[in-house]
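# A structural walkthrough
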Amino acid sequence: MTQPTPTNRQQLILQGLAQMLEEDSGKRITTAALARQVGVSEAALYRHFPSKARMFEGLIEFIEHALFERITRILDEHHDALDRCQHIMMLVLGFTEKNPGLSRLLGGDVLTGETERLRQRINQLFERLETQLKQVLREAELHQGQRTQATVSATANLMVAVLEGRISQYVRSDFRRRPTEHWNEQWSLLAAQLLSSR
């Protein structure tokens, strides 16, 4: 049996951390517990990641890559602004539903007591998402002759606030209240208020 490569070992550590975030909801993650989960020594953890903060950053990087790579595909495949917004929002909600541990990271509760840099990274992820939605809405005005009922900034912020609220509700319910629950009905209500023809 061959030894896992460093990259594979890093991936195993991150998968172990994500699993602990899901299973140990509400508990603080220690490197000792993570080492037991992965089946390595704490020293081995630190050979692959210099700190627990760096492990969390690895998960945040995974989330960013997964979401924004798919958002790029959504923008290529859909040209209507409402379709784009709907698919982007459903992507985020579906991703968090399938990855409960990562939803705790997105919700920020697991970062209490961790370095400020991690909270800033999560803030940047949501700001990047909001910027992407603003761009979609601006393009609707330029290319589709539609404009938002409120300002573009206020509208994009509302959509991100809805996403953050659904993620928070999911985490707070210990993953029982699915982020996609009632989403089709709620999207219909939201979509009806987003855009109007000029």
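See the structure above.
Residues numbered from 1 in each chain as written. Predicted model: local features only at pLDDT ≥ 70, side-chain atom pairs only at ≥ 80, totals over all residues. Heavy atoms only, no water.

## Side note on the overall build of the chain
- Scanning the chain from N- to C-terminus turns up nine helices and two strands.
- Ordered by position in the sequence, the α and β elements of the chain form the string α-α-α-α-α-α-α-β-α-α-β.
- In terms of overall dimensions, the chain has C-alpha extents of about 65 × 30 × 30 Å along its principal axes.
- Carbon and sulfur atoms provide 47% of the accessible area of the chain, an area that totals close to 10,600 Å².
- In the chain, 25 positive and 24 negative side-chain charges are present, and the distance between their average locations comes to 4 Å. (Helix = DSSP H or I, 4+ residues; strand = E, 2+ residues; numbered from the N terminus. Areas by Shrake-Rupley, 256 points an atom, 1.4 Å probe, with all protein chains shown as cover. Lys, Arg positive; Asp, Glu negative; His and termini not counted. Charge placed at Lys NZ, Arg CZ, Asp CG, Glu CD.)

## Some details on the pattern of salt bridges
- Enumeration according to the criterion identifies eleven salt bridges in this entry.
- Between Glu64 and Arg121 there is a salt bridge whose closest N-O contact spans 2.9 Å. Here the residue Glu64 occupies a position in helix 4 (residues 52-77), and Arg121 occupies one in helix 7 (residues 116-144), the gap between them amounting to 57 residues. For the residue pair Glu64 and Arg121, the accessibility class agrees, reading buried in each case.
- One salt bridge connects Glu141 with Arg147, and the closest N-O pair in it is separated by 3.2 Å.
- Salt bridges sharing partners connect three or more residues here, namely Arg54, Glu57, Glu61, Glu64, Arg117 and Arg121. (Salt bridge = Lys/Arg side-chain N within 4 Å of Asp/Glu carboxyl O. Buried < 20%, exposed > 50% of the residue type's maximum accessible area, 1.4 Å probe, protein only.)

## Quick notes on the layout of surface pockets
- In this structure, the largest pocket occupies an estimated 360 Å³ of space.
- In this structure, the largest pocket is lined by 19 residues; those nearest its centre are Gln11, Leu14, Gln15, Leu59 and Phe62.
- Of all the secondary-structure elements, those providing two or more residues to the lining of the largest pocket are helix 1 (6-23), helix 4 and helix 6 (100-107).
- If one sorts the elements of the lining of the largest pocket by residue count, helix 1 sits on top with seven residues.
- Grouping the constituent residues of the lining of the largest pocket by class yields seven nonpolar, eight polar and four charged.
- When its volume is computed, the second largest pocket comes out at roughly 180 Å³. (1 Å grid on protein atoms, 1.4 Å probe; cavity = no way out; pocket = protein on both sides within 12 Å on 5 of 7 lines; lining within 4 Å. Points joined across faces, edges and corners; volume = space filled by probe spheres on them. Nonpolar A, V, L, I, M, F, W, Y, C, P; charged D, E, K, R; others polar.)

## Description of the environment of Gly39
- Position of Gly39 among the secondary structure elements: in the loop between helix 2 (31-38) and helix 3 (42-48).
- Taking C-alpha positions, Gly39 is 17 Å from Glu23, a pair spaced 16 residues apart along the chain.

## Some thoughts on helix 7
- Taking 1.5 Å per residue, 29 residues should reach 42 Å; helix 7 reaches 41 Å between its end C-alpha atoms and fits that length.
- Turning to helix 7, its buried residues are Leu118, Arg121, Ile122, Leu125, Phe126, Leu129, Glu130, Leu133, Lys134, Val136, Leu137 and Ala140.
- Structurally, helix 7 contributes buried residues whose contacts are with helix 4, helix 5 (81-98), helix 6, strand 1 (146-148), helix 8 (152-172) and strand 2 (195-197).
- Looking one or two places after helix 7, you find Gly145, whose phi comes out positive at around 65 degrees. (Expected span 1.5 Å × (residues − 1). Contact = heavy atoms within 4.5 Å.)

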